[in-house]
Amino acid sequence: MEIKKAEFLTSSSKPEHCPDATRPEYAFIGRSNVGKSSLINMICNKSSLAKTSSTPGKTQLINHFNINDQWYLVDLPGYGYAKVSKTQIKEFKLLIDAYLRHRTNLMCLFILVDSRHKPQKSDLEFMHLMGTWGVPFVIVLTKLDKLKASEKENNVENYKKALLEEWEELPKIFITSAEKKEGKDEILSFIEEVNLQW
Ligand code: GTP
Ligand code: MG
């Protein structure tokens, strides 16, 4: 799929303020600083579409982007550690939970994890929760450019092993680097395919 149009639409502080659920949508979630906003920019080929920052906690609202006037990409605030207050972290969590549980047009959630680290307990718990809520998800390993060639395969395999301790079947896993613009075609082909179910 080619992205001909990618524009910021709206930021919502409450799920009910989100655009009408009349188009398929795909949301990006993961710990703060994992590279959600950077990946959205890479996929859309627009470096400043979603705001990025080296300080965790940059994205604080539910941000909708209109893609090709056909579907939405959604940039969510990071969960877990962020350079914001505990009260704000709780507020993000309530907002994200409400969005995830009630957004009827959410076709698939992209859960981003940093390829440099071992599977984090909080990420595995979050995936488990999505399983119980029935939210379809895929996994995106980010920042692959930060790994040495020899580490890449190892880290990916270790991630899969950890997932198989809980899941009978592996979810789809995308290997990406926003820096090196890797993983874009695979993600867009996947979205194109899922859009057909709309
Ligand atoms: P919050 O909105 O704060 O939750 O963060 P985020 O998950 O949206 O992360 P963001 O895209 O703002 O990126 C965080 C930092 O990681 C920035 O300094 C990015 O430049 C850097 N970064 C993101 N993706 C990559 C990548 O693929 N490779 C490298 N080397 N750096 C990356
Ligand atoms: Mg962000």
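For the structure, see preceding data.
Parameters at a glance
- Residues numbered from 1 in each chain as written.
- Chains lettered and ligands numbered in written order.
- Predicted model: local features only at pLDDT ≥ 70, side-chain atom pairs only at ≥ 80, totals over all residues.
- Heavy atoms only, no water.
- Helix = DSSP H or I, 4+ residues; strand = E, 2+ residues; numbered from the N terminus.
- Buried < 20%, exposed > 50% of the residue type's maximum accessible area, 1.4 Å probe, protein only.
- Contact = heavy atoms within 4.5 Å.
- Axes fitted to C-alpha atoms, helices over the stretch in contact; angles between N-to-C directions.
- Parallel < 35°, antiparallel > 145°, perpendicular 65-115°, else oblique.
- Nonpolar A, V, L, I, M, F, W, Y, C, P; charged D, E, K, R; others polar.
- Near = heavy atom within 4 Å.
- Polar contact = N/O pair within 3.5 Å; in protein donor to acceptor, adjacent residues only side chain to side chain.
- Areas by Shrake-Rupley, 256 points an atom, 1.4 Å probe, with all protein chains shown as cover.
- 1 Å grid on protein atoms, 1.4 Å probe; cavity = no way out; pocket = protein on both sides within 12 Å on 5 of 7 lines; lining within 4 Å.
- Sits in = over half its atoms within 2 Å of the grid points.
- Expected span 1.5 Å × (residues − 1).
- Arc of directions from axis to C-beta.
- Left-handed = near helix turned anticlockwise from the far one by under 90°.
- Points joined across faces, edges and corners; volume = space filled by probe spheres on them.

**So, the environment of Ile175**
Here is step 1: The topology assignment puts Ile175 in strand E7 (residues 173-175).
Here is step 2: You can call Ile175 partly exposed: its relative accessible area is 38%.
Here is step 3: Those residues in contact with Ile175 that sit more than four places away from it in its chain are Leu141, Leu144, Val156, Glu182 and Gly183.

**With respect to the environment of Lys148**
Here is step 1: Along the polypeptide, Lys148 turns up in the loop between strand E6 (137-142) and helix H4 (149-164).
Here is step 2: Note on Lys148: relative accessible area 57%, which makes it exposed.
Here is step 3: A sequence separation of 32 residues divides Lys148 from Arg116, and the C-alpha atoms of the two residues are 9.9 Å apart.

**What to know about the packing of helix H1 (residues 36-44) against helix H5 (residues 184-195)**
Here is step 1: Two numbers describe how H1 lies on H5: the axes approach to 10 Å, and their chain directions differ by 80°. In terms of orientation, H1 lies roughly perpendicular with respect to H5. Residues Leu39, Met42 and Ile43 of H1 form the contact with H5, whose own contacting residues are Lys184, Ile187 and Leu188.
Here is step 2: For the contact of H1 with H5, the class distribution of residues is five nonpolar, no polar and one charged.

**Points about the site of ligand 1**
Here is step 1: In the vicinity of ligand 1, 22 residues are found, and the nearest of them are Lys36, Ser38, Gly57, Asp145 and Ala178.
Here is step 2: The contact in question runs from an oxygen atom of ligand 1 to an N or O atom on the backbone of Gly35, over 3.0 Å.
Here is step 3: At 2.7 Å, a backbone N or O of Ala178 approaches an oxygen atom of ligand 1.
Here is step 4: Protein chains bury 87% of the 660 Å² of accessible surface belonging to ligand 1 in isolation.
Here is step 5: More than half of the atoms of ligand 1 fall within 2 Å of the grid points belonging to the largest pocket.
Here is step 6: Classifying every residue of the shell around ligand 1 gives three nonpolar, 13 polar and six charged.

**Considering H5**
Here is step 1: Between its first and last C-alpha, H5 extends 16 Å over 12 residues, near the 16 Å set by a 1.5 Å rise per residue.
Here is step 2: What H5 keeps buried is the set Ile187, Leu188, Phe190, Ile191, Val194 and Asn195. In an axial view of H5, the angular spread of the buried residues amounts to 160°, which keeps them on one side of the axis. Away from its buried face, by an angle of more than 90 degrees, H5 presents the exposed residues Asp185 and Glu193.
Here is step 3: Tucked inside the fold, the buried residues of H5 contact strand E2 (25-30), H1, strand E4 (71-75), strand E5 (106-114), E6 and E7.

**Concerning the packing of helix H2 (residues 86-102) against helix H3 (residues 121-133)**
Here is step 1: At their nearest, the axes of H2 and H3 sit 10 Å apart, and the two run at 40° to each other. Along this stretch, H2 crosses H3, giving a crossing that reads as right-handed. Contacts between H2 and H3 pair Asp97, Leu100 and Arg101 from the former with Phe126, Met130 and Trp133 from the latter.
Here is step 2: Split into classes, the residues belonging to the contact of H2 with H3 amount to four nonpolar, no polar and two charged.

**Re the layout of surface pockets**
Here is step 1: Size it by volume and the largest pocket reaches roughly 450 Å³.
Here is step 2: Around the largest pocket, the lining comprises 25 residues; the ones closest to its centre are Asn33, Val34, Gly35, Ser38 and Lys143.
Here is step 3: Of the residues contributing to the lining of the largest pocket, the split by class is five nonpolar, 13 polar and seven charged.

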